[in-house]
Amino acid sequence: IPAPLLETQSGERWRREIAERAEIRLLGKFHGFGYFVSSLVEPAFLVLSPRQDSPSSEVKVVLASPGAEDECLRALRLGVETAAVPSDGWEIYSAPQQIFTPANWMPRSQSDLLLLDGLNTGVLTRVGDLFDVRQGIRTGHACFLIGEAEFEDLRMKEREYFRPSATNATIREGRIFPGEWVFYPYDEHGPTIASESDLRDRLPTYFEKKLKLVKGELQKRAKTDPGFWWLLTWERGWQHGRQPKLVSTYFGGKGRFACDNTGEFAVVQGHGWLWRKSVPETDMVGEKANRWFFRTDLPFAYLAIFNSVVFERLLSLFCPRVQGGQFDLSNRFVDRIPIPDLSNAEASDADTCASLAEMGRKIHTGRRVELDHLEDIVARIYRTTVRSVR
């Protein structure tokens with residue numbers, strides 16, 4: 001079965017109904033995509049038996065890294081079980097039945113279970129408690145994205161309808177690199193171009209060179225009005241105005257988080273991270289929480305955390321891995337990830353926050369960061385060691 005089926009919210013009803021009539025005897029997962037050549041997601045497998053009056057107290061867990069699958073299966077047939085830190089790229093162990101509830105059947109390594117136990121101390125909160133992770137634009141066609149040369153070819157008045165974009169191609173190394181633009185004919189009140197003749201008058205170069213050539217294709221898009229064929233499929237109303245945000249790609253890991261502290265970039269395909277935690281009445285009365293957040297050093301402190309090896313390990317525990325080894329950074333997955341609440345002065349150390357913010361600013365501006373120092377700080381926040389998460 002596809003491995004994500006073991007932990008997605010949409011699969012919970014399926015897991016619950018199975019659990020009512022059967023018990024799990026074995027859960028396994030092969031990391032990577034090489035064992036079944038045509039697989040687009042990581043494969044998992046399970047063995048069930050009819051529910052008995054005296055259910056089994058343990059579940060056999062089987063995990064293998066790419067290339068170690070056959071050796072792992074041979075060991076399973078021989079009844080081998082491994083230590084908590086396996087060295088052969090695979091592990092087999094027995095876990096208590098009760099840790100696999102219908103909410104999540106995903107098999108974890110023994111080291112992952114130890115790490116998760118350490119995170120459930122009550123010191124940390126969750127991403128979803130602090131950030132509102134929102135989906136980026138879905139353009140519906142490649143014509144709405146243009147490069148630097150095409151942007152320079154436009155008239156000055158036409159350029160007003162484009163915004164620099166934060167995409168999978170431009171978010172890297174913890175920064176947003178310029179060079180890609182998205183057609184965005186919207187303001188705080190919605191679409192700003194009311195008719196095709198208006199479109200032709202306002203954007204003559206872009207209309208003739210790009211839009212006119214694919215008009216038929218744009219009119220056939222699902223979930224769009226053919227009468228307003230030049231509009232994006234999903235422009236995401238939260239981006240009508242320009243507000244600062246942290247950003248992430250749709251799929252990614254370390255290096256795929258960045259900071260748009262001016263709000264000039266439009267997120268395409270990826271996600272915008274807006275601060276959602278209520279602001280105390282004593283702090284910036286009347287300001288929205290996100291505006292307050294970006295008046296502090298906190299965005300850069302979180303930028304440093306999100307671009308660490310330690311946080312990437314947490315992504316591996318909560319986010320499905322897709323073809324190419326990247327993680328699905330959708331909000332339904334990242335919302336559950338434990339993170340520190342750096343806005344809580346009583347629960348966070350001021351010197352630690354300052355160090356993280358300094359490193360985050362260096363990442364943001366492309367300056368050199370002492371990576372070992374960064375990883376040590378983040379590991380201490382999570383009450384673990386760098387060695388244990390590698």
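Each remark here, short or long, concerns the structure printed above.
Report follows, based on the coordinates. (Residues numbered from 1 in each chain as written. Predicted model: local features only at pLDDT ≥ 70, side-chain atom pairs only at ≥ 80, totals over all residues. Heavy atoms only, no water.)

What follows concerns the overall build of the protein. From N to C terminus, the protein includes 16 helices and 20 strands. Taken over the C-alpha atoms alone, the protein extends approximately 75 × 50 × 35 Å along its principal axes. Out of the 390 residues belonging to the protein, those deemed buried represent 50%. Counting only carbon and sulfur atoms, one obtains 50% of the accessible surface of the protein, whose full area is about 19200 Å². (Helix = DSSP H or I, 4+ residues; strand = E, 2+ residues; numbered from the N terminus. Buried < 20%, exposed > 50% of the residue type's maximum accessible area, 1.4 Å probe, protein only. Areas by Shrake-Rupley, 256 points an atom, 1.4 Å probe, with all protein chains shown as cover.)

This part is about the nonpolar core. Grouped together as the largest cluster of nonpolar side chains are 54 residues, with contacts concentrated most on Phe131, Tyr302, Ile305, Phe306, Phe311, Leu356 and Tyr382. At eight residues, helix 11 (residues 298–306) tops the list of elements feeding residues into this core. If we skip the residues at most four places from it in the chain, Tyr382 touches Leu119, Leu124, Ile305, Val310, Phe311, Leu314, Pro338, Ile339 and Pro340. Among the nonpolar cores identified, the runner-up in size contains 27 residues, and Trp181, Val182, Tyr206 and Phe207 belong to it. (Core = buried A, V, L, I, M, F, W, Y, C linked by side-chain atoms within 4.5 Å. Contact = heavy atoms within 4.5 Å.)

This model, assessed by the stated rule, comprises 19 salt bridges. The partner of Glu23 in a salt bridge is Arg25, with the nearest N and O atoms 4.0 Å apart. A relative accessible area of 4% means that Glu23 is categorised as buried. The shortest N-O distance in the salt bridge between Arg200 and Glu196 comes to 3.4 Å. Of this pair, Arg200 and Glu196 both sit in helix 7 (residues 196–202), separated by four residues, roughly a single helical turn. Given a relative accessible area of 22%, Glu196 falls into the partly exposed group. Salt bridges here are not isolated pairs; linked through shared partners, they connect Glu196, Arg200 and Lys215. (Salt bridge = Lys/Arg side-chain N within 4 Å of Asp/Glu carboxyl O.)

This part is about unusual backbone geometry. In this structure, Arg236 is a non-glycine residue whose phi angle is positive, near 65 degrees. For Arg236, a relative accessible area of 18% puts it in the buried group. If you check the backbone angles, Gln269 has positive phi at about 75 degrees while not being a glycine. Tracing the sequence through the fold places Gln269 in the loop between strand 17 (266–267) and strand 18 (271–275).

Turning to the pairing of strand 16 (residues 257–260), a few remarks are in order. Alternating residues of strand 16 divide into Phe257 and Cys259 and Ala258 and Asp260, and every residue in both groups is buried. Strand direction decides the pairing type here: strand 14 (residues 245–248) and strand 16, joined by four bridges, are antiparallel. Within strand 16, the position partnered with Leu246 by the bridge is Cys259. (Pairing = 2+ DSSP bridges.)

Before going further, it helps to spend a moment on helix 8 (residues 204–211). Of all the positions in helix 8, only Thr205, Tyr206, Phe207 and Leu211 are classed as buried. Buried-residue contacts for helix 8 involve strand 7 (145–147), helix 6 (156–159), strand 8 (162–166), strand 11 (180–183), helix 7 and helix 9 (215–219).

What follows is about helix 15 (residues 371–381). Among the residues of helix 15, those classed as buried are Leu374, Glu375, Ile377, Val378, Ala379 and Ile381. Following helix 15 by one or two positions, Arg383 adopts a phi angle in the positive range, close to 55 degrees.

This part is about the sheet that holds strand 17. Across the sheet, which stays open at both edges, the four strands sit in the order 7-11-8-17 with mixed pairing between neighbours. The open sheet terminates on both sides in strands that have one partner only, identified here as strand 7 and strand 17. Bridge count for strand 8 against strand 11 is three bridges, and the pairing is antiparallel. Of the residues in strand 11, the one forming a bridge with Pro164 is Trp181. Lying on the sheet, helix 8 is in contact with strand 7, strand 8 and strand 11; it crosses strand 7 at an angle near 105 degrees. (Axes fitted to C-alpha atoms, helices over the stretch in contact; angles between N-to-C directions.)

A word on the sheet that holds strand 1 (residues 22–30). Strand order in this open sheet of four strands is 2-1-3-4, and the pairing throughout is mixed. Unpaired on one side and paired on the other, strand 2 (44–50) and strand 4 (90–96) mark the two borders of the sheet. Adjacent strand axes in the sheet meet at a mean angle of 15 degrees when their direction is disregarded. Pairing of strand 3 (residues 58–64) with strand 4, which is carried by seven bridges, proceeds in the antiparallel orientation. Directly across from Lys60, in strand 4, lies its bridge partner Ser94.

The next subject is the layout of surface pockets. Taken as a whole, the second largest pocket spans an internal volume of roughly 720 Å³. Residue lining of the second largest pocket: 26 residues in total, with Ala103, Asn104, Arg108, Phe318 and Arg336 positioned closest to the centre. Secondary-structure elements contributing two or more residues to the lining of the second largest pocket are helix 1 (12–21), helix 3 (110–119) and helix 13 (331–334). A total of five residues in the lining of the second largest pocket trace back to one element, the largest contributor, which is helix 3. Considering only residue class, the lining of the second largest pocket consists of 11 nonpolar, seven polar and eight charged. (1 Å grid on protein atoms, 1.4 Å probe; cavity = no way out; pocket = protein on both sides within 12 Å on 5 of 7 lines; lining within 4 Å. Points joined across faces, edges and corners; volume = space filled by probe spheres on them. Nonpolar A, V, L, I, M, F, W, Y, C, P; charged D, E, K, R; others polar.)

Geometry only, nothing functional implied.
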